[in-house]
Amino acid sequence: MNLKITKLSGDGIGPEVINEAVKVCDSIAKKFNHNITWDEGIVGANAIEKVGNPYPEETHDKCLNSDAVLFGAIGDPKFDNDPSLKIRPEQGLLSMRKKLGLYANIRPTFTFEELIDKSPLKKELIQGTDIVFVRELTSGIYFGKRGRSDDKNSAFDTCYYRRDEIKRLAKIGFNLSMKRKKKLCCVDKANVLESSRLWRETIQAMELKYPDVVVSYEFVDAVAMRLIQNPSTYDVLITSNLFGDILTDEASVISGSIGLMPSASIGDKTSVFEPIHGSYPEAAGKNIANPIATILSSSMMFKQLGLNKESELIDYAVKESIKKGQLTRDLSPKNFVSTSDLGDWIANKILNI
Ligand code: IPM
Ligand code: MN
């Protein structure tokens, strides 16, 4: 197959983890006789520095004209402590999501048996965790009306949802749960928020179409607790943009490191695959970041492109690396392998199977 993939490395550790994912994709291409043409676009803080726009039109065109986008991370502390700045790196990510219509963000959380002791949570609680969040990504409070009063002493952000936005997101959640344990949890705050009541109403109406799926409705505060106390009782969770942002970071702790968890953002146009972690600026350029979240994101990419064997082989090689103790510093602070050595190990494993 001929594939055109755009890589958007972004900031911080982005370029390093993307390099490793590219290595892995190239070894998959070699193994399965695919032809990958890589293109590259700028995004985030480095795009602001170069052209004054964190998601330039040129980058958007490259994404639109690709089969998939592999995304690293964006964000730079330079921009974090000055709330008066008008242009920030994160806007690049948000405008990419909006312009590509990436309304569903699929974020799995699972454990690796060998890493079960790396989690700060007790082994008995987290063993067997295998859940998937479907986070709404192009609406809600992230994109609602916001502003400041004239005297600048009050501010507001609006959580706005339309029924059709909830429906298309929920559809992805229902279909995913049909392929899994047929359990769907709608996470909201319907005891307080009107937008959450619209979520419940919309999903309740959809339940009839999916009689095999057991649907539960839980408040986000309770879910935050149960995710830690009893995560393996969940299967698929669907939720709004902000709740999903918070819960997926929380859930990543279960696996032992946020550097392990991948994601896929899908919607109307080209899909984007990215680790759930941020740009981790303190580690940038040190060859210590964990590339697995990005490598597993590339596995999600192959799966989304219908290339299941390719995806499975990446997952297998990653599992093998963990089994063989090839761990980066986040998981093994005293005795660790570098970002690039781990990428080499996984790429070689793929080639030598
Ligand atoms: C994420 C990130 C982004 C978000 C930031 C960088 C804007 O935290 O992808 O989860 O809040 O969605
Ligand atoms: Mn986040």
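Above this text you will find the structure in question.
The rules behind the values
Residues numbered from 1 in each chain as written. Chains lettered and ligands numbered in written order. Predicted model: local features only at pLDDT ≥ 70, side-chain atom pairs only at ≥ 80, totals over all residues. Heavy atoms only, no water. Helix = DSSP H or I, 4+ residues; strand = E, 2+ residues; numbered from the N terminus. Pairing = 2+ DSSP bridges. Contact = heavy atoms within 4.5 Å. Axes fitted to C-alpha atoms, helices over the stretch in contact; angles between N-to-C directions. Near = heavy atom within 4 Å. Polar contact = N/O pair within 3.5 Å; in protein donor to acceptor, adjacent residues only side chain to side chain. Areas by Shrake-Rupley, 256 points an atom, 1.4 Å probe, with all protein chains shown as cover. Nonpolar A, V, L, I, M, F, W, Y, C, P; charged D, E, K, R; others polar. Buried < 20%, exposed > 50% of the residue type's maximum accessible area, 1.4 Å probe, protein only. Arc of directions from axis to C-beta. Parallel < 35°, antiparallel > 145°, perpendicular 65-115°, else oblique. Left-handed = near helix turned anticlockwise from the far one by under 90°. Salt bridge = Lys/Arg side-chain N within 4 Å of Asp/Glu carboxyl O.

A.B. asks: Hey, could you run me through unusual backbone geometry in this one?
C.D. replies: It is generally the case that most residues other than glycine have a negative phi and that most peptide bonds are trans. The phi torsion at Lys152 lies on the positive side, around 65°, for a residue other than glycine. Its identity is not glycine, yet Lys182 carries a phi of approximately 60°, on the positive side. Positionally, Lys182 belongs in the loop between α6 (163-178) and β8 (183-188).

A.B. asks: Is there a simple way to think about the sheet that holds strand β3 (residues 68-73) in this case?
C.D. replies: Sheets are built from strands paired through backbone hydrogen bonds, the pairs being either parallel or antiparallel. Reading across from one edge, β2-β1-β3-β12-β11-β4-β5-β10-β8-β9 is the order of the 10 strands in this open sheet, with mixed pairing throughout. Each edge of the sheet is formed by a strand with only one pairing partner; in this case those strands are β2 (35-40) and β9 (214-219). By the bridge criterion, 4 bridges tie strand β5 (residues 130-136) to strand β10 (residues 236-239) in an arrangement that is parallel. Within β10, the residue paired with Arg135 across the bridge is Thr239. Against the sheet, helix α7 (residues 194-207) contacts β5, β8, β9 and β10, and its axis sits at roughly 170° relative to β9.

A.B. asks: Looking at this structure, how should I read the site of ligand 1?
C.D. replies: The full set of residues close to ligand 1 is Glu90, Leu93, Arg97, Arg107, Arg135, Tyr142 and Asp245. At a separation of 2.7 Å, an oxygen atom of ligand 1 approaches a polar side-chain atom of Arg97. A distance of 2.8 Å separates an oxygen atom of ligand 1 from a polar atom in the side chain of Arg135. Bound to the protein, ligand 1 loses 77% of the 320 Å² it would expose on its own. In terms of residue count, helix α4 (residues 89-99) provides more of the shell around ligand 1 than any other element does, 3 residues in total. Tallied by class, the residues present in the shell around ligand 1 amount to 2 nonpolar, no polar and 5 charged.

A.B. asks: So what exactly am I meant to see when it comes to helix α3 (residues 57-64) here?
C.D. replies: Residues of α3 that are buried: Thr59, His60 and Cys63. When α3 is viewed along its axis, its buried side chains cluster within an angular range of 100° and face the same direction. In this structure, the buried residues of α3 make contact with β1 (2-10), β3 and α4.

A.B. asks: In this structure, what is going on with the packing of α6 against α7? I would like to understand it.
C.D. replies: How two helices sit against one another is set out by the angle between their axes and by the gap between those axes. Contact geometry of α6 with α7 gives a least axis separation of 10 Å together with a crossing angle of 50°. Taken together, α6 and α7 sit at an angle that is classed as oblique. The crossing of α6 and α7 is right-handed. Residues Arg163, Ile166, Lys167, Leu169, Ala170, Lys171 and Phe174 of α6 form the contact with α7, whose participating residues are Leu198, Trp199, Glu201, Thr202, Ile203, Met206 and Glu207.

A.B. asks: Help me understand the pattern of salt bridges, please; the structure alone is not making it clear to me.
C.D. replies: Two side chains with opposite charge may pair up if their charged atoms get near one another. Within this structure, the stated rule accounts for 20 salt bridges. Note that Glu201 is salt-bridged to Arg163, the shortest N-O span being 2.8 Å. Remark: Arg163 occurs in helix α6 and Glu201 occurs in helix α7; sequence separation between them is 38 residues. Among the residues examined, Glu201 registers a relative accessible area of 43% and is labelled partly exposed. Its salt-bridge partner being Asp221, residue Lys189 comes within 3.1 Å of it at the nearest N-O pair. Remark: Asp221 occurs in helix α8 (residues 220-229) and Lys189 occurs in the loop between β8 and α7; sequence separation between them is 32 residues.

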